[in-house]
Amino acid sequence: MNFKIETVEKINVIKGQYATAQGCILPALYVLEEHEGQVTPEREKALAHLLDVPTYQVAEALSFYTMYNRHGRGKHHFQLCRNISCYLRGSDEVIALFQKRLGILPGEVSADGKYELELAECLGNCDHAPAGILGKEDINDLNCDKLNALLDKLGAPHGV
Amino acid sequence: MAFEKVLYRNLHLERLYDMDVYLSSDGYHGLAAALERKPDEVIEEVKASGLRGRGGAGFPTGVKWGFLPKVTDKPKYLCVNADEGEPGTFKDRELMEKDPHSLLEGMIIAGYALGVHKAFLYIRGEYHLAIERCQKAIDQLYARGYLGSNVCGKGFALDIIIHKGAGAYICGEETALINSIEGKRGEPRLKPPFPATSGLWACPTVVNNVETLCAVPWILAYGAKRYREFGTEKSPGTKIFSVSGCVSKPGNYELPLGTPFKVLLEDYCGGVWKGKKLKGVIPGGSSVPLLSAAECEDLNLDYESVQARGSLLGCGAVIVYDEDVCVVEASLRLAEFYAHESCGQCAPCREGTHWLAQILERIEHGQGRPEDLPAIEALLPHMKGMTICVLADSAAAVVESTLKKFRNEYEAHIKHKGCPHKKEKVFAYA
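Values in this document were obtained by computation on a predicted structure and should not be read as measured data.

A. Structural view of the pairing of strand β1 (residues 77–82) of chain B. Residues and elements named next belong to chain B. β1 sits mainly inside the fold: six of its six residues count as buried. Burial along β1 is two-sided: the residues Tyr77, Cys79 and Asn81 and Leu78, Val80 and Ala82 are all buried. Two elements, β1 and strand β2 (residues 118–123), share six bridges in a ladder whose sense is parallel. Along β2, the bridge assignment pairs cysteine 79 with phenylalanine 120. Relative to strand β4 (residues 205–209), β1 runs parallel, the two sharing five bridges. Counterpart to asparagine 81 in the pairing with β4 is asparagine 209.

Rendered as structure tokens:
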């Protein structure tokens, strides 16, 4: 399979920055995700070919790092923190509310493909606990009212 | 308690992330002062300041820089650890979002002092705004000749590359971070060899934390002697304390090291949340032992004082528990985190973190057995000091300290078959 020209161009820039081809794998995966979309097995192999690294090296990285999109994303990707500082300020109630409204478990995408829930470990936003990320935007100082309002704005159902 | 803000000296300026705003204050004065001296003299100044690594270990920065070989036929690297993942820590995020030029100035000074021509800034992938602001700041620096083949016309070359993390707490460990830049799984390496002799691509490498490097421009601009006017003899300077959990005003506070905990809690954070009583404090990020309220009564926040109480100052992330917090559930939360983040290389960590989480889970949810507490106590010594890195030790720290200080709460969970604080699981797991 062939990548888009901008994917190849950006990966060529990365090749000039890292001392080895293997070093390019993590940044190249981000480029691939940005310009091509989900990291499918075909794209994974094509990337290994483009970088001239053994396929196992790409597979090894993908199986270790959790942020790459290998399985498709919901349109609204919610990451809600469950770790200590957010827990101390009521993250569990916020997470429970999300589950009640959307009827999905952590790691799942709603049947219509619109909502995805990921339980996050500390997001480094503890002064705004309970905290989360929607897409690439931080969501701060969450509580049930605030989450309800946010979900209403996105048109989420009230309970599934 | 008079002190000057070192790290937050410019934070009141709007759009400080813009180079022109940074330059309108004392921006790049430290770099100018550094470039007038020989590289060795810059290292000596940092040594004289007594600045200690702010990532958690507290190792003297100037000494670390001094370990890098002067003469070598290999390239030397600087890696900046901005993979801030320690639960309760959010200081580097604020520095990079609001004041990226301080960090970059510190990096250029370090590059000059160490003879480094390529630096990697490893920022955790979730820090979208920090990545954006740092990249824009780097672009400005290239455009104005502060980076590239001839830094500030002084004939030395430096490139800075942002390496975006991809979701692995363990990459905050310096050798795991190095492996991650090499495109490998983020598994810590055995030390020795230390990164100073064999780090990134087996070349001499220095790994520094964001907050550490942000203090460097000030030290060069105003002098090591003045830096030592703040803090204590052995813990000089100021430090950012990230306070979270059960306080009225969570946030980052820059204070001199040695500041009494009570001053931080009462004067800066508005006391315990909702007027409740203090139960305990994790003083240095989730990886250090918890101190009880009594142990915090006259505690000073410097490396030595916290260590003398049996905990660690770590990265200065202060997590506060009020009287109603269930220590068993809070410990479970952390145990699950470490089980999830164990890289799996060493059996004591790979197995131990999961066993710990499993035992705590059943205690918290009413299936605890009387033999569970001795089982935890038998398990912990096999996790501590038995592995390549300290993740297993970290997992053990909070559990061991709370079991020692709040054993009655663990026993009550077992005796009454459940958590006295809560009757059922609030949310469902996958």
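Once the structure has been displayed, the description carries forward.
B. Seen up close, the interface of chain B and chain A. On the chain A side, the residues contacting the 46 residues of chain B number 41 residues. Sorting the residues of the side of chain B that touches chain A by element identifies β3 (159–164), α8 (174–181), β5 (238–245), β6 (251–256) and α14 (327–341) of chain B as the ones contributing at least two each. The dominant element in the side of chain B that touches chain A, judged by the number of residues it contributes, is α14 of chain B, at five residues. Of the residues contributing to the side of chain B that touches chain A, the split by class is 21 nonpolar, 17 polar and eight charged.

C. Quick look at the sheet that holds strand β2 (residues 115–120) of chain A. Residue and element names in this part refer to chain A. The sheet built from four strands is open, its strands ordered β2-β1-β3-β4 with mixed pairing. This sheet does not close on itself; its edge strands, each paired only once, are β2 and β4 (137–139). The average angle at which neighbouring strand axes cross in this sheet is 25°, direction not considered. Across six bridges, the pairing between strand β1 (residues 76–81) and β2 is parallel. Looking across to β2, one finds that cysteine 81 is bridged to alanine 120. This element, helix α6 (residues 91–102), spans β1 and β2 of the sheet and lies at about 150° to β1.

D. Structural view of the domain arrangement of chain B. Residues and elements named next belong to chain B. When its domains are assigned, chain B resolves into domain 1 (19–227), domain 2 (238–322) and domain 3 (328–415). Between the C-alpha centres of domain 1 and domain 3 there is a distance of 35 Å. Taken residue by residue, the interface counts eight residues in domain 1 and eight residues in domain 3.

E. Representation of the domain arrangement of chain A within the structure. Split into domains, chain A comes out as domain 1 (5–64) and domain 2 (76–154). Taken over C-alpha atoms, the centre of domain 1 of chain A sits 30 Å from the centre of domain 2 of chain A.

F. Structural view of helix α6 (residues 100–114) of chain B. Residue and element names in this part refer to chain B. Taking 1.5 Å of rise per residue, 15 residues should cover 21 Å, and α6 covers 21 Å from first to last C-alpha, within 8% of that figure. Among the 15 residues that make up α6, 15 are buried, leaving the element largely enclosed by the rest of the structure. One or two positions beyond α6, positive phi appears at glycine 115, with a value near 70°.

G. Local environment of the packing of helix α3 (residues 41–51) of chain A against helix α4 (residues 55–64) of chain A. Residues and elements named next belong to chain A. Close contact between α3 and α4 brings their axes to 8 Å; oriented N to C, the two are set at 125°. Comparing the axis directions of α3 and α4 gives the class oblique. Seen along the crossing, α3 lies across α4 with a hand that is right-handed. When α3 is examined against α4, the residues Glu44, Lys45, Leu47 and Ala48 are found in contact with a partner set consisting of Thr55, Val58, Ala59 and Leu62. When the residues that make up the contact of α3 with α4 are grouped by side-chain class, the tally is five nonpolar, one polar and two charged.

H. Looking closely at the environment of tyrosine 56 of chain A. All names here are of chain A. Relative to the elements of secondary structure, tyrosine 56 occurs in helix α4. Overall, the presence of 9 C-beta atoms within 10 Å leaves tyrosine 56 in the exposed class. Separated by 12 residues in the primary sequence, tyrosine 56 and glutamate 44 place their C-alpha atoms 9.8 Å from one another.

I. Just the packing of helix α3 (residues 39–49) of chain B against helix α9 (residues 210–222) of chain B, in detail. Residues and elements named next belong to chain B. Interaxial distance between α3 and α9 falls to 10 Å at its minimum, and their mutual angle equals 100°. The orientation of α3 relative to α9 falls into the category roughly perpendicular. The segment α3 lies against α9, with Val42, Glu45, Val46 and Ser49 engaging Val216, Ile219 and Leu220. Along the lines of polarity and charge, the residues of the contact of α3 with α9 split into five nonpolar, one polar and one charged.

About the thresholds
- Residues numbered from 1 in each chain as written.
- Chains lettered and ligands numbered in written order.
- Predicted model: local features only at pLDDT ≥ 70, side-chain atom pairs only at ≥ 80, totals over all residues.
- Buried ≥ 20, exposed ≤ 12 C-beta atoms within 10 Å, placed from the backbone.
- Helix = DSSP H or I, 4+ residues; strand = E, 2+ residues; numbered from the N terminus.
- Pairing = 2+ DSSP bridges.
- Contact = placed C-beta atoms within 7 Å.
- Nonpolar A, V, L, I, M, F, W, Y, C, P; charged D, E, K, R; others polar.
- Axes fitted to C-alpha atoms, helices over the stretch in contact; angles between N-to-C directions.
- Domains from an automatic or database assignment.
- Expected span 1.5 Å × (residues − 1).
- Parallel < 35°, antiparallel > 145°, perpendicular 65-115°, else oblique.
- Left-handed = near helix turned anticlockwise from the far one by under 90°.

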